[in-house]
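Below are the chains, spelled out letter by letter.
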Amino acid sequence: MKTVHTIQDVRNQVRQWRQESLTVGLVPTMGNLHAGHMSLVKTAKQHSDKVVVSVFVNPTQFGPNEDFDTYPRTLEQDADLLTQHDADLLFAPSVAEMYPQETFTWVDVEHLGDRLCGAKRPGHFRGVTTVVSKLLHIAMPDHAYFGEKDYQQLAVLRRMVEDQLFATAVIGVPTERDASGLALSSRNGYLSEADKEQALTIYRTLTQARQAIEAGERDYAELCQQSTERLEQAGLTVDYFEIVDANTLAPAQKNTAALRILTAAFLGTTRLIDNVGTIFVDI
Ligand code: PAF
């Protein structure tokens, strides 16, 4: 696997692959790679002849009081893991390479990014869509792979690609979990073993809500209320617990056919997110 740091080097490599009629997949990441990212790489290897992985801790998607400075940066380990998983190209640009001048042009997906995580993290999705738009312009991939763990991000990026007519198909990859059910996340590194045990309540509560819906429960507001209480009783501070339309992310109504259950909760200062679904209900 080759590691490059400049946009020009990515373009040169991709141009060469295109001349050989090879397809290209892109896995955008912020590094500190774990088995969750590797499942994106594995899926990419199945669809695309060549796989580019970007590692870039994107400053514009962090709020002023968020963990940009302390976000784990582990490029050497990341490169080893990617080599083991047969990625073809690692793109690890500097901030100056990706943002060479003050940004006047932002990519912003309206509505979908305003609620849920967007409500508490103003500007977050604008930072994500702006950097992913740049990465798509740089690598011009046939496919781009994102985890379902960040379900709202996936929905926002799907819409950006549709609205902006990118020649890239967005592929969502199911959440990778450890044996206990905890969704893998770089931020799990902030948790002690005891915290992880407590964090498990998130997946258990999501699963319980899904089972209730599958068993016929249709009072979604009540179900969200009960689930929130359950999480708070376990010592978590709930940011939101919502049952939404899996496509529009609007709060689910009685006649919503495809549901997703999403939550964000704080364990101490660590903000954890998870979601389950999609549940198809008869309406
Ligand atoms: O999901 C992430 O790691 C980031 O939000 C992404 C998509 C790489 C953009 O910086």
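Going by the structure above, here's the rest.
What comes next concerns the included structure. The structure presented is a predicted model; accordingly, all values stated were derived computationally and were not measured.

### As for the environment of I261
Phase 1 of the analysis: If you trace the backbone, I261 turns up in strand β8 (residues 258-267).
Phase 2 of the analysis: Placed 20 residues apart in sequence, I261 and F241 show a C-alpha to C-alpha distance of 7.5 Å.
Phase 3 of the analysis: With residues near it in sequence (within four places) discarded, I261 still touches L206, A209, R210, I213, F241, E242, I243, D274, N275, V276 and I279.

### Structural notes on the site of the ligand
Phase 1 of the analysis: Around the ligand, the neighbouring residues are P28, T29, M30, N58, Q61, V128, V131, V132, F146 and Q153.
Phase 2 of the analysis: Side-chain polar atom of Q61 to an oxygen atom of the ligand: 2.6 Å apart, as the coordinates give it.
Phase 3 of the analysis: Considering the ligand on its own, with 290 Å² of exposed area, one finds that the protein chains cover 88% of that surface.
Phase 4 of the analysis: Considered class by class, the residues forming the shell around the ligand number 6 nonpolar, 4 polar and no charged.

### Details of the pairing of β8
Phase 1 of the analysis: Counting buried residues along β8, 9 of its 10 residues qualify, which places the element largely inside the surrounding structure.
Phase 2 of the analysis: Pairing analysis gives 8 bridges linking strand β7 (residues 237-245) to β8, with the strands arranged antiparallel. Residue pairing in the sheet places F241 in a bridge with T263 of β8.

### Topic: the nonpolar core
Phase 1 of the analysis: Counting 44 residues, the largest nonpolar core has V10, F91, M98, V132, L136 and M160 as the members making the most contacts within it.
Phase 2 of the analysis: If one sorts the elements of this core by residue count, helix α6 (residues 124-139) sits on top with 8 residues.
Phase 3 of the analysis: Within the second largest apolar cluster, 25 residues are counted, among which are L200, I213, V238 and F241.

Quick notes on the rules
- Residues numbered from 1 in each chain as written.
- Predicted model: local features only at pLDDT ≥ 70, side-chain atom pairs only at ≥ 80, totals over all residues.
- Heavy atoms only, no water.
- Helix = DSSP H or I, 4+ residues; strand = E, 2+ residues; numbered from the N terminus.
- Contact = heavy atoms within 4.5 Å.
- Near = heavy atom within 4 Å.
- Polar contact = N/O pair within 3.5 Å; in protein donor to acceptor, adjacent residues only side chain to side chain.
- Areas by Shrake-Rupley, 256 points an atom, 1.4 Å probe, with all protein chains shown as cover.
- Nonpolar A, V, L, I, M, F, W, Y, C, P; charged D, E, K, R; others polar.
- Buried < 20%, exposed > 50% of the residue type's maximum accessible area, 1.4 Å probe, protein only.
- Pairing = 2+ DSSP bridges.
- Core = buried A, V, L, I, M, F, W, Y, C linked by side-chain atoms within 4.5 Å.

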